[in-house]
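Listed below, chain by chain, are the residues.
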Amino acid sequence: MKIKFVLLACFISIGSANLAQVDRENLNNDCIYVNMTLNNSKNLLDSFRFDKFSRGPFSVHPFTIDNIGSWNNFISSIKTDPNISFEYVDSEESRMFEGSYHRYQQYYKGVLVEGGGFKVFTNTTNIQAIQGPPCPGCPPIHPCDLIEMISPHIYENINISANPSVNQNELYYILDVPPLSINKITKQVVNLGDNSCTYRLIWSVNYNDNRGEPLNAKIDANSGDIIYQTPLKLYKNAPIKINASNGSISCAVLNDMNIGNTTFLKNNKIKVVDLDVEDRFVTWLDNDVPFSPIDRAWNCIVGSCGPGNCLDASVPAFELFYNADLIVQYLSEHFNINLTNVNLAFNKQTDNAYLNLEGGTVANLNSSFLVFGIDNITNQPYTNFEFVAHELAHVILMDYLNFSTISSASLHEGLADIFSIFLQHKALGYYNWVMGEGVISPVRNLANTPFNCVSSFTNSTEMHDAGQALGHWYFLLVTGSPVNNISSINQDILFDVILESLKSLGTQTPNWNDLMRATLAIAEKKFGTCSSNYQSIARAWEKICVPTGVPSAVNYNAPCTSIEGPNIVCEESDKFDLCIASNAGINFDNGDWIILGPNSTSFTSLRGMAGNTQYGGGCLVITDIPKFPFYPQTITVLYRNNQIGKTISKTIRIIDCNRDDPTCSDYYGFSIPVKSPPDSEELFIKNEHILEVESGHLKPDDEVKIIIFDLMGNKINNADDHLTDVKTDYPQILILTYWNKKGKLVRSRKVIKF
């Protein structure tokens, strides 16, 4: 689809035009000021981190916030600037793993940093939150949540004023529009993306120009220069193919709804209107009136549908509804992607199709507005399945990336093509790699495109042209390419990898490196680095000129090494074996095995451990697993050898197979409500043990967590039965600590357990 993602030619000053050029100079540029703390500093995460990419998601040894002390300790590990803060945005469940991604937006001196923030992937066996939220707006943290992946995109070395010199009431002068034309104003910090990574304080303004067209302008909040402008009607001219070979429209039963004397196409998720003129649609958006046709009644019933019998509405309007309904239902049933309020319009006077963003800067799944027209050269409507799928994909993708940069916009276009191809094959049963056939010229042939090398793109490369490289990457992986040692990947699996990668991105303005790293991180976590899937994905990236740093992606004979052994072991077995598997000779005397995780220095191996490290050996044969307070537990085993060139790892879950030990939820369990009168002390008995509650510490019906320690400071099981669950062979002094839901210590006391 052809977004005329227009960087308007008319800027208020020559200087601002130059800034627009600088901002989009390199589609594949990595800013040197991103993730500086993670790249260069020794911090709390050092003991958990291995082989991370500088900007993409990276796996860590699974750890809980409880392991490292607090949420503040975690945040201080990924930033050093006290002016930087983070605010929780949202969470989304994984498609491929057990757990959820949590996104945090970056702020500088309280001002939103465009594209800045991080995501963490957490895995939990219990969704009941028993600790308070770690930050304002953040969800509560459960002590059993394991952080397994971090995806940072944190801008650092920001040193600008957060106080604008240009006042908000001056903006309409700069834009030369009436004050009422301005719809929304937000203050942001942006990174212009040049080699010096220049930061600017800007006003982001949604407004209507003198022709009534909606635009977004980024205005320097100190100089008043317009840095760049983009339309909020994102014009597109994208893939379309008439379903039948002769161009005819098949008969189909469509849903309709009557309101008063008006009948229109509608179901519980999508609505379609046939417009005389485009302004009618804009008026509807502004006034939020019921979506219904103007001066028409759609009465196309079973047995009478078709161009000859439905003259009260145009054929493309029916086709638009039919295809949108098919796509929306398929996404909901097979991918749990729910487009719940899709508003579509056919307008024969419009020579394009576009996603309308007049209501804000982001389209979302609950409110999307798309207008479809007719090509003025071929006279073909943009309403067939392929085109509608592409447009609806843009709505879905807006939850993960936006059009703020050339890189993210070109990825948007490439991914929308991929969605269209995938849905066409799944719903209609065939592939079509030629986008726009029969409607636009030139077409986009993703199987054989001249735009197949990202490094050749410049700021003048049109977004749909640039997006073809990603479509070609997808083509190579679906069909396979023996000459490039790329094996065909099942399309369902590949589509899952792409969706999971989008969820894991730490920024909504990713470049091509970001998406490459995300796909490789997900493929490594799911399949392993020596798998055919991982190797093929890496080689396909290399084929479109996005370097991966994976030796075997360039040299197909390069060694690939992995750790072979169990992923899950029973704690009762007290042993497990791990060995190095490789397709090349390795001197194992030069390698080290390292265990990360709780009690890591208490494991015993056949060769011998020095703390948490075994020096040398092609295998790590564990002969004794230490005792843990609850199960399951997670450890990570690393293998380092200079001959390999990178650290390889394996995560192992240690489980209680005979179920005679507490779970994490047992260990951190809540007690029953503790009752205490507000003005006196009360002693009461629970399971024949005295629990003392002091006035002022706990209120009536307070719910508390009791954590029990021995005199050495070791935590002891504290399930709901509390002390009755603590087994001792002799009288023992225990320390009872009482915690409220916010994670605050209420009181502590000593007891003797007999």
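Since this is a predicted model, take the numbers as computed values, not measurements.

Visitor: I'm lost on the overall build of the protein in this one. Help?
Guide: Within the protein, the secondary structure is distributed over 14 helices and 33 strands. Each of the 754 residues in the protein was classed as buried or not, and the buried ones make up 55%. In the protein, the share of contacts with a sequence separation of at least 24, taken over all contacts with a separation of at least 6, comes to 65%. Counting every atom, the protein has about 31700 Å² of accessible surface; 49% of that belongs to carbon and sulfur.

Visitor: Please clarify how the packing of helix α10 (residues 491-504) against helix α11 (residues 512-527) should be interpreted in this entry.
Guide: Helix packing geometry: the angle between the two helix axes and the distance between the axes. Contact geometry for α10 and α11: axes closest at 9 Å, N-to-C directions at 120 degrees. Between α10 and α11 the crossing geometry is right-handed. Residue-level contacts link I493, V497, E500, S501, L502 and S504 of α10 to L515, A518, T519, I522 and F527 of α11.

Visitor: Is there a simple way to explain the side chain of D81 in this structure?
Guide: Tracing the backbone through its elements, the reader meets D81 in the loop between α3 (71-78) and β2 (84-93). Despite its burial, D81 pairs with no opposite charge; the closest candidate is K79, at 7.0 Å N-O. Once you skip the residues sitting within four places of it in the chain, D81 turns out to touch Y108 and I158.

Visitor: Which parts of the structure should I look at to understand the state of the cysteines?
Guide: Two cysteines joined by a covalent bond between their sulfur atoms form a disulfide. For the coordinates displayed, the defined rule picks out 4 disulfides. Here C530 connects covalently by a disulfide to C560, the sulfurs 2.1 Å from one another. Here the disulfide of C530 and C560 is left-handed, its torsion about the S-S bond being about -110 degrees. Here C560 lies in the loop between α13 (551-554) and β19 (561-564) and C530 lies in the loop between α11 and α12 (532-543), a separation of 30 residues in the sequence.

Visitor: Hey, could you run me through the sheet that holds strand β22 (residues 592-596) in this one?
Guide: Hydrogen bonding along the main chain pairs the strands of a sheet, whether they run parallel or antiparallel. Judged by pairing direction, the sheet is mixed, and its 5 strands sit side by side in the order β20-β27-β26-β22-β24 without closing on themselves. Each edge of the open sheet carries a strand with a single partner, namely β20 (568-570) and β24 (613-615). Averaged over all neighbouring strand pairs, the angle between strand axes comes to 25 degrees, with direction disregarded. One ladder, built from 3 bridges, connects β22 with β24; its direction is antiparallel. When the bridges of β24 are listed, W593 appears paired with Q614.

Visitor: In this structure, what is going on with the confidence of the model for the protein? I would like to understand it.
Guide: On average, residues of the protein score 75 in pLDDT, and 68% of them are at 70 or above. Counting contacts from residues 237-253, a segment whose pLDDT is below 50, to residues more than four positions away or on other chains yields 50 contacts.

Visitor: Would you mind showing me how to read unusual backbone geometry here?
Guide: Cis geometry is found at the peptide bond from Y631 to P632, where omega equals 5 degrees. Inspection of the secondary structure puts P632 in the loop between β25 (619-624) and β26 (633-640). Positive phi, normally seen in glycine, also occurs at K109, with a value near 50 degrees. The residue K109 is located in the loop between β3 (100-108) and β4 (111-123) in this model. A positive phi angle, close to 70 degrees, is found at C545, a residue other than glycine. For C545, the location among the structural elements is in the loop between α12 and α13.

Visitor: I'm lost on the environment of V434 in this one. Help?
Guide: The residue V434 is located in strand β17 (residues 434-435) in this model. Separated by 13 residues in sequence, V434 and I421 have C-alpha atoms that sit 9.6 Å apart. Not counting residues up to four positions away in its chain, the partners in contact with V434 are E386, V443, R444 and N445.

Visitor: Before we go on, may I ask you to explain the side chain of S481 in this structure?
Guide: Secondary-structure assignment places S481 in the loop between α9 (463-479) and α10. Judged by its relative accessible area of 8%, S481 is buried. Once residues within four sequence positions are removed from consideration, S481 is found in contact with L476 and I486.

Visitor: Please clarify how the sheet that holds strand β21 (residues 576-582) should be interpreted in this entry.
Guide: Reading across from one edge, β19-β21-β25-β23 is the order of the 4 strands in this open sheet, with antiparallel pairing throughout. Every interior strand has two partners, whereas the edge strands, β19 and β23 (604-605), have only one. Here 4 bridges tie β21 to β25, and the two strands are oriented antiparallel to one another. Of the residues in β25, the one forming a bridge with D577 is V621.

Calculation notes
Residues numbered from 1 in each chain as written. Predicted model: local features only at pLDDT ≥ 70, side-chain atom pairs only at ≥ 80, totals over all residues. Heavy atoms only, no water. Helix = DSSP H or I, 4+ residues; strand = E, 2+ residues; numbered from the N terminus. Buried < 20%, exposed > 50% of the residue type's maximum accessible area, 1.4 Å probe, protein only. Contact = heavy atoms within 4.5 Å. Areas by Shrake-Rupley, 256 points an atom, 1.4 Å probe, with all protein chains shown as cover. Axes fitted to C-alpha atoms, helices over the stretch in contact; angles between N-to-C directions. Left-handed = near helix turned anticlockwise from the far one by under 90°. Lys, Arg positive; Asp, Glu negative; His and termini not counted. Salt bridge = Lys/Arg side-chain N within 4 Å of Asp/Glu carboxyl O. Disulfide = S-S within 2.5 Å. Pairing = 2+ DSSP bridges. pLDDT = per-residue confidence, 0-100.

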